[in-house]
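# Tertiary structure, described
Read off the chains here:
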Amino acid sequence: MIKSSIIAILSCFVFISASAQQNVKTTQDQSQAEENTKHKAPFGESKIKCYYEFTRPSTTSSSRRDTLVLETGAEKSRFYDPSRQYRDSMVRASMNIPDPETIKSISVFKSENGKDLSTMQGTVSSRTDEGESYQIFKDLNTGKIKVVDYTAVNGKSFEYEDQAGPMDWKIQQVPDTIINSYSCKQARLNFRGREYTAWFSPEVPINDGPWKFMGLPGLIVKVEDSHQLFSFSLVGLEQTKMPLPIHIPAGSIKCSRADFEKMKIKQAPGMQVNFSFGNLILAEFPGETNYIPMELK
């Protein structure tokens with residue numbers, strides 16, 4: 001029973017290996033197609049892909065930069081980290097989860113024990129600050145949001161609903177700014193404990209943007225908080241040849257936003273796993289995550 005529970009947890013954890021670092025588009029598309037078959041009926045459809053460079057604080061360096069994608073349509077959208085999703089999917093598919101009957105022993109090391117498996121052949125690991133694990137699904141008409149994410153506390157996927165809109169944007173009477181060839185107007189927002197400045201372009205008539213941001217009369221091209229801890233900047237835009245379905249992953253455990261944030265704070269910096277000669281070892285990375293949430297309230 002214990003072995004079966006451990007394997008169930010392992011199958012949910014995200015393990016990042018060197019072989020999963022290649023971003024091969026054909027394989028990625030095939031992987032995405034396979035994932036879609038496991039999902040619910042489409043949440044909506046997208047017609048435009050917007051690529052954003054996301055900068056945020058990191059526990060391993062002064063800051064971290066990742067490229068995140070907004071798939072958006074007339075009514076619904078999805079915001080996610082494609083590299084993280086790709087690695088997750090590839091590693092889940094390629095990792096050799098052992099048969100419970102082959103496990104002779106199981107050892108679990110919490111971070112305070114300081115066990116390091118990195119020198120052991122076959123060790124795979126996942127750090128919590130390597131990319132963004134969340135997927136954000138927005139209803140642009142109602143302002144309702146679904147967030148699907150997981151934590152390293154138990155490896156399970158969670159889903160919570162959020163009513164983020166309508167957002168109380170204050171459009172500023174300042175000269176337009178050119179950002180990435182788009183003529184942009186400026187707006188400000190106080191949202192859940194942080195002050196944000198956004199630059200949006202009416203040239204792209206979509207009332208959407210990165211993360212949970214939406215509700216301006218034009219695509220949000222750039223947005224940053226007043227302390228410049230978090231920043232999203234548009235680096236590319238692509239109109240798809242045909243509408244693409246937006247799927248919400250099935251099987252997630254529903255919870256509240258407050259409860260999920262508590263789990264994120266408690267999670268370890270990451271996990272290391274090694275299975276060899278029938279011995280299964282799980283070890284947390286030592287230390288704390290120093291999780292810095294965008295939402296303070």
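Each remark here, short or long, concerns the structure printed above.
Residues numbered from 1 in each chain as written. Predicted model: local features only at pLDDT ≥ 70, side-chain atom pairs only at ≥ 80, totals over all residues. Heavy atoms only, no water.

## Side note on the pattern of salt bridges
The final tally for this structure, using the stated rule, is 16 salt bridges. Of the charged contacts in the structure, one is a salt bridge between glutamate 53 and arginine 65, with a shortest N-O distance of 2.9 Å. Here glutamate 53, found in strand β1 (residues 44-56), pairs with arginine 65, found in strand β2 (residues 64-72); they are 12 residues apart in sequence, far enough to count as distant. Among the residues examined, arginine 65 registers a relative accessible area of 54% and is labelled exposed. In this structure, the salt-bridge partner of lysine 212 is aspartate 162, at a minimum N-O distance of 2.8 Å. Here lysine 212, found in the loop between β12 (194-201) and β13 (219-225), pairs with aspartate 162, found in strand β8 (residues 157-163); they are 50 residues apart in sequence, far enough to count as distant. (Salt bridge = Lys/Arg side-chain N within 4 Å of Asp/Glu carboxyl O. Helix = DSSP H or I, 4+ residues; strand = E, 2+ residues; numbered from the N terminus. Buried < 20%, exposed > 50% of the residue type's maximum accessible area, 1.4 Å probe, protein only.)

## Focus: the sheet that holds strand β5 (residues 124-127)
Pairing is mixed across the open sheet formed by 4 strands, whose spatial order is β4-β17-β16-β5. Each edge of the open sheet carries a strand with a single partner, namely β4 (105-109) and β5. On average, each strand axis in the sheet is inclined to that of its neighbour by 10°, with strand direction left out of account. (Pairing = 2+ DSSP bridges. Axes fitted to C-alpha atoms, helices over the stretch in contact; angles between N-to-C directions.)

## Quick word on the side chain of threonine 55
Topologically, threonine 55 is positioned in strand β1. By relative accessible area, which is 14% here, threonine 55 ends up buried. Within the structure, the side chain of threonine 55 is placed 3.2 Å from the side chain of arginine 65, a separation counted as a polar contact. Threonine 55 has contacts with Ser63, Arg64, Arg65, Leu229, Phe230 and Ser231, leaving out every residue within four places of it along the chain. (Polar contact = N/O pair within 3.5 Å; in protein donor to acceptor, adjacent residues only side chain to side chain. Contact = heavy atoms within 4.5 Å.)

None of this, on its own, says anything about what the molecule does.
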